[in-house]
Amino acid sequence: MSDPLLDDLNPQQLKAVTAGDGQILVLAGPGSGKTRVLTRRLVYLLDRKGVPAYDIIAVTFTNKAAREMEERVVTLMHGGTDGLWLGTFHAMCARLLRREAKALNLSPNFVIFDSDDQEALVKRAIRELNIDEKMHRPAGVHASISNAKNELYAPADMPVTSYRDEVVKRVYIRYQELLLANNAVDFDDLLFYATQLLRDNPSIRESYARRFRYVLVDEFQDTNLAQYELLKQLSSVHKNIFVVGDEDQSIYRWRGADYRNVLRFEKDFPDCQKILLEQNYRSTQTVLDAARGVIDENRNRTPKHLFTTRGEGSKIITYTAPDDIDEADFVVKEIQKKVNSNTAAPGDFAVMYRTNAQSRVIEEAFMRSAIPYQLIGAQRFYGRREVKDMIAFLRLVQNPDDEISLLRVLGVPPRGIGDKTIANIQAAAFKKDISAGEVLLDLGQKSDASPFWALIGRSAAIVADFGSLLEDWIALRDQVSLVTLFDRIIQDTGFEAYINDGTDEGADRWENVQELRRLAFDYQEKGITPFLESLALVSDQDTIRDAELNGTGRPARGTVTLLTLHAAKGLEFKQVFIIGLDEGLLPHSRSRDDPEEMAEERRLFYVGITRAKDQLYLLRAERRNSFGNWEYSEPSRFLDAIDPALVKHHGRASRSPREAQARDMIWDSYNPSPSRRVTLEPAPAAEQKYKETMRVRSENWGEGIVIESKMDTDGEEIVSVQFESVGIKRLIASLAKLEILK
DNA sequence: TCGCCAAGACTTTTT
DNA sequence: GTCTTGGCGA
């Protein structure tokens, strides 16, 4: 009998999907069908085990992942999914906090500050405390505060071991007060408050932990301490927790993520079931071999034996460009060539780099060509001034206490409110211990009868006008649709005439506002709060446009995707270019002195390599332009870990003979040292009968695929075979009577 | 109050 | 080399 839910799963996947209750740890290599397993598990619980959707919570890191899961679940399911909690950590926490706001010091209409707002607020705290901004950069202090929150330290509890800590702590305390006064939370607060809420309120914890009989988690290796605690609390009653992750793809250490949570999980739940997914459905053997060479140099990991049935595939193409401009040209020309000859479409390609700064040169090269491309990240859309302004208006309507937004839009468009007036408003607010927004609203209501009128001074009338506009909008908030409110704000402020000033840039800016308006359309029903929340929590990945369908129903040719290695996680492309394989860039110079960070750089490269399905390109440039002068670099050390036999070096483009010689040594005649090569070198070939990817049949277990074979010290050949029936078995070849199938 | 200009920073990755 | 920030003049 056929079963569409389970039939196409391999033995390991099946084991994971149909595992019983308890704690399940799935370690899933790249391309091993991680999302598929998670999705099927969810449907398995709902559809086969009859678990009500209401009893399940499933958490991901990006909205994109959550959306994909939801779409697939809906297609696979016959019943409904009402009541299911499915979303990102941050979104789930926001939901929890809005429901339980009264148990915290927040009102349910709190806003979520984005990173710019957070930094602005830190800056303000620093200034209030008369701390030297040059010595203690707001961005740096904010990063330290963020770390403290991820480690679950409340402001008062933050440990101090240095003078800098002391400064950070003082700022942290003030920053947190300011957030509360703004009725706002930052990204870390969402996790921090949620964890705190559950920890300190047994009855609330009980009710959620009782409700969520099943907890499912994606990208578990990227959880930080706060997230780990949260998961433990949510699953504290039923203890049915199913996590999927891969230590080798942990690349967010700097954000508090700790892949050792995988080890912690095994320690906290000694009875947990551990399942390895090792069959890769994405890449060619060549790509996997390169990836393995790179990652095998990291220690402290669960060894995995990734294998594929996709065959060897084409060699990795490497190219050393004389400079970064030529590096970019090579990428564009190569893509152009394949697109023109119809062997590939733009949507097949991705270009990946370590730092956002590298995207510029690449982008310029694409602009000179006719190839469509999309650049992911770096706040391309939401970071635009006109977009942020419109969002700030909406945020102010949602929450008049949001002073950051208030200050942002008070002079947009310019209406005669300057520093002096702003200071007066703030002073008036301080005097009455209310927010600046409330001062405005009072002025809007009572005009010159307001007690604040005299305090504001000359521009009181202008401020009162703005206050009454704000009051109108707030009144409209719950009566008209989101888009109507949006249009009304534009109309009342003359926003269009202000930004669309007749120049090309003006038209561009107006187009961005229209784009935001289109996004608002999707939230007509849900309203302003979910809209703003979704805007605050978009990740770069969420902005990726997949190749849309065109009118004919066939996939459009798509666009080349330009993105950082970080943003590439979880994605796949037929052809991948990784550029900037230079010492100092990948690995980044900031990681040079810390082995842990170096290991993370390596994982980052590993993530990049394993995005490729068919063809991988590795590029570097001998010199690149930074701040207006040339900087030279050596090839990345990570390249040494890739077996030269997997690589085809493309042309030579070196300018100076000396450099060319150095490069040739690395690429053409480089002979890796034995210690480095040990993991890649096949065992002595003499008696070895079986090789990776061979199909074999055993009397006991039927057909399978050889995933590894090596000679042990006794001269016995040890073969690991992935059997269709029972999964992976390690066998002694001479005893196992394996038949090789062609 | 606002726009212009010069000085300085900027480059790690982001929910 | 370019973008942001802060200071100054109109």
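Data block above holds the structure.
Just so we're clear, the structure is a prediction, and the values are computed from it rather than from any experiment.

Details of the overall build of chain A
Then, number 1: Across its full length, chain A carries 28 helices and 21 strands.
Then, number 2: When burial is assessed residue by residue, chain A has 55% of its 742 residues classed as buried.
Then, number 3: If you take every contact in chain A between residues at least 6 apart in sequence, the share linking residues at least 24 apart comes to 74%.
Then, number 4: Split by element, the accessible area of chain A, about 33,400 Å² in all, is 49% carbon and sulfur.

Some points on the protein's contact with DNA strand C
Then, number 1: Taken together, the neighbourhood of DNA strand C is formed by Arg 127, Arg 360 and Phe 627.
Then, number 2: Counting only the atoms of DNA strand C within 4 Å of the protein, the fraction contributed by sugar and phosphate is 60%.

Digging into the pattern of salt bridges
Pairing between side chains of opposite charge can happen when the charged atoms of each approach one another.
Then, number 1: On inspection of all chains with the given rule, the structure shows 57 salt bridges.
Then, number 2: A salt bridge links Asp 246 to Lys 304; the nearest nitrogen and oxygen atoms lie 3.2 Å apart. Taken together, the residues Asp 246 in the loop between strand 7 (241-245) and helix 11 (261-268) and Lys 304 in the loop between helix 12 (285-295) and strand 9 (316-323) connect sequence positions 58 residues apart. In terms of burial, Asp 246 and Lys 304 fall into one category: buried.
Then, number 3: Across the salt bridge formed by Asp 296 and Arg 301, the nearest N and O atoms sit 3.3 Å from each other.
Then, number 4: Classification of Asp 296 as partly exposed rests on a relative accessible area of 24%.
Then, number 5: Since its relative accessible area comes to 17%, Arg 301 is described here as buried.

A closer look at the protein's contact with DNA strand B
Then, number 1: Around DNA strand B, the surrounding shell holds 25 residues, and the nearest of these are Arg 354, Thr 421, Ser 539, Asp 540 and Arg 590.
Then, number 2: Arg 137 has a polar side-chain atom sitting 3.2 Å from a phosphate oxygen of DNA strand B.
Then, number 3: His 566 places a polar side-chain atom, nitrogen or oxygen, 3.3 Å from a base oxygen of DNA strand B.
Then, number 4: It is helix 17 (residues 419-432) that contributes the most residues to the surface near DNA strand B, 3 residues altogether.
Then, number 5: Its residues assigned to classes, the surface near DNA strand B shows 7 nonpolar, 10 polar and 8 charged.

Regarding the nonpolar core
Proteins that are soluble and globular tend to have nonpolar side chains buried together.
Then, number 1: One finds Met 390, Phe 393 and Leu 516 to be the most contacted residues of the largest nonpolar core, which totals 52 residues.
Then, number 2: No other element matches helix 20 (residues 460-477), which puts 9 residues into this core.
Then, number 3: Residue contacts for Phe 393: discarding those within four places in its chain leaves Val 409, Val 412, Phe 466, Trp 473, Ile 489, Thr 493 and Phe 495.
Then, number 4: Core analysis: the next-biggest nonpolar cluster, separate from the first, contains 46 residues, Trp 85, Leu 152, Ile 241 and Ala 536 among them.

A closer look at unusual backbone geometry
Then, number 1: The linkage connecting Leu 586 with the following residue, Pro 587, adopts the cis geometry, with an omega of 5°.
Then, number 2: For Pro 587, the location among the structural elements is in the loop between strand 13 (573-578) and helix 25 (595-609).
Then, number 3: Unlike most non-glycine residues, Leu 152 shows phi in positive territory, near 70°.
Then, number 4: By secondary structure assignment, the location of Leu 152 is in the loop between helix 6 (138-150) and helix 7 (163-181).
Then, number 5: According to the relative accessible area criterion, Leu 152 is buried, its value standing at 18%.
Then, number 6: One non-glycine residue, Lys 239, lies in positive phi territory at about 55°.
Then, number 7: Structurally, Lys 239 is set in the loop between helix 10 (225-234) and strand 7.
Then, number 8: Taking the relative accessible area as the measure of exposure, Lys 239 reaches 37% and is therefore partly exposed.

Looking at the pairing of strand 7
Then, number 1: Burial analysis of strand 7 places 5 of its 5 residues in the buried class, which makes it a mostly covered element.
Then, number 2: Residue alternation in strand 7 divides its side chains into two sets, Ile 241, Val 243 and Gly 245 and Phe 242 and Val 244, and both sets are buried.
Then, number 3: Two elements, strand 1 (residues 23-28) and strand 7, share 5 bridges in a ladder whose sense is parallel. Note on strand 7: the bridge partner recorded for Leu 25 is Val 243.
Then, number 4: Sheet topology places strand 6 (residues 214-217) next to strand 7; 3 bridges connect them, and they run parallel. When the bridges of strand 7 are listed, Leu 216 appears paired with Phe 242.
Then, number 5: Taking the sense of rotation as the criterion, the β-α-β connection linking strand 6, helix 10 and strand 7 turns out right-handed.

Quick notes on the packing of aromatic side chains
Then, number 1: A complete count under the given rule lists 19 aromatic pairs for this structure.
Then, number 2: Ring geometry for Tyr 252 against Trp 254: centres 5.6 Å apart, planes inclined by 55°, an arrangement best described as tilted.
Then, number 3: Grouping aromatic residues by their ring pairs yields a cluster made of Phe 393, Phe 466, Trp 473, Phe 495 and Tyr 498.
Then, number 4: Sitting over the face of the ring of Phe 110, Arg 98 holds its NZ or CZ atom 4.1 Å from the ring centroid.
Then, number 5: Stacked on the ring of Tyr 252, the Lys or Arg Arg 255 has its end atom at 4.3 Å from the ring centre.

Notes on the sheet that holds strand 7
Then, number 1: Taking strand neighbours across the sheet as the criterion, the 6 strands line up as 3-2-6-7-1-8 in an open arrangement whose pairing is parallel. For this open sheet the edge positions go to strand 3 (85-88) and strand 8 (273-277), each flanked by a neighbour on one side alone. Averaged over all neighbouring strand pairs, the angle between strand axes comes to 10°, with direction disregarded.
Then, number 2: Contacting strand 2 (56-60) and strand 3, helix 3 (residues 63-76) runs over the sheet at an angle of about 150° to strand 3.

Some points on the packing of helix 15 (residues 385-398) against helix 21 (residues 482-493)
Then, number 1: Their axes nearest at 11 Å, the elements helix 15 and helix 21 cross at an angle of 110°. It follows from the interaxial angle that helix 15 and helix 21 lie roughly perpendicular. Judged by residue contacts, Met 390, Phe 393, Leu 394 and Val 397 of helix 15 engage Leu 485, Phe 486, Ile 489, Ile 490 and Thr 493 from helix 21.
Then, number 2: Here the residues of the contact of helix 15 with helix 21 are counted per class, giving 8 nonpolar, 1 polar and no charged.

How each quantity is defined
Residues numbered from 1 in each chain as written. Chains lettered and ligands numbered in written order. Predicted model: local features only at pLDDT ≥ 70, side-chain atom pairs only at ≥ 80, totals over all residues. Heavy atoms only, no water. Helix = DSSP H or I, 4+ residues; strand = E, 2+ residues; numbered from the N terminus. Buried < 20%, exposed > 50% of the residue type's maximum accessible area, 1.4 Å probe, protein only. Contact = heavy atoms within 4.5 Å. Areas by Shrake-Rupley, 256 points an atom, 1.4 Å probe, with all protein chains shown as cover. Near = heavy atom within 4 Å. Salt bridge = Lys/Arg side-chain N within 4 Å of Asp/Glu carboxyl O. Polar contact = N/O pair within 3.5 Å; in protein donor to acceptor, adjacent residues only side chain to side chain. Nonpolar A, V, L, I, M, F, W, Y, C, P; charged D, E, K, R; others polar. Core = buried A, V, L, I, M, F, W, Y, C linked by side-chain atoms within 4.5 Å. Pairing = 2+ DSSP bridges. Right-handed = clockwise from strand over helix to strand, strands pointing away. Phe/Tyr/Trp six-rings, centres within 6.5 Å; stacked < 30°, edge-to-face > 60°. Lys NZ or Arg CZ within 6 Å of the ring centre and 35° of its normal. Axes fitted to C-alpha atoms, helices over the stretch in contact; angles between N-to-C directions. Parallel < 35°, antiparallel > 145°, perpendicular 65-115°, else oblique.

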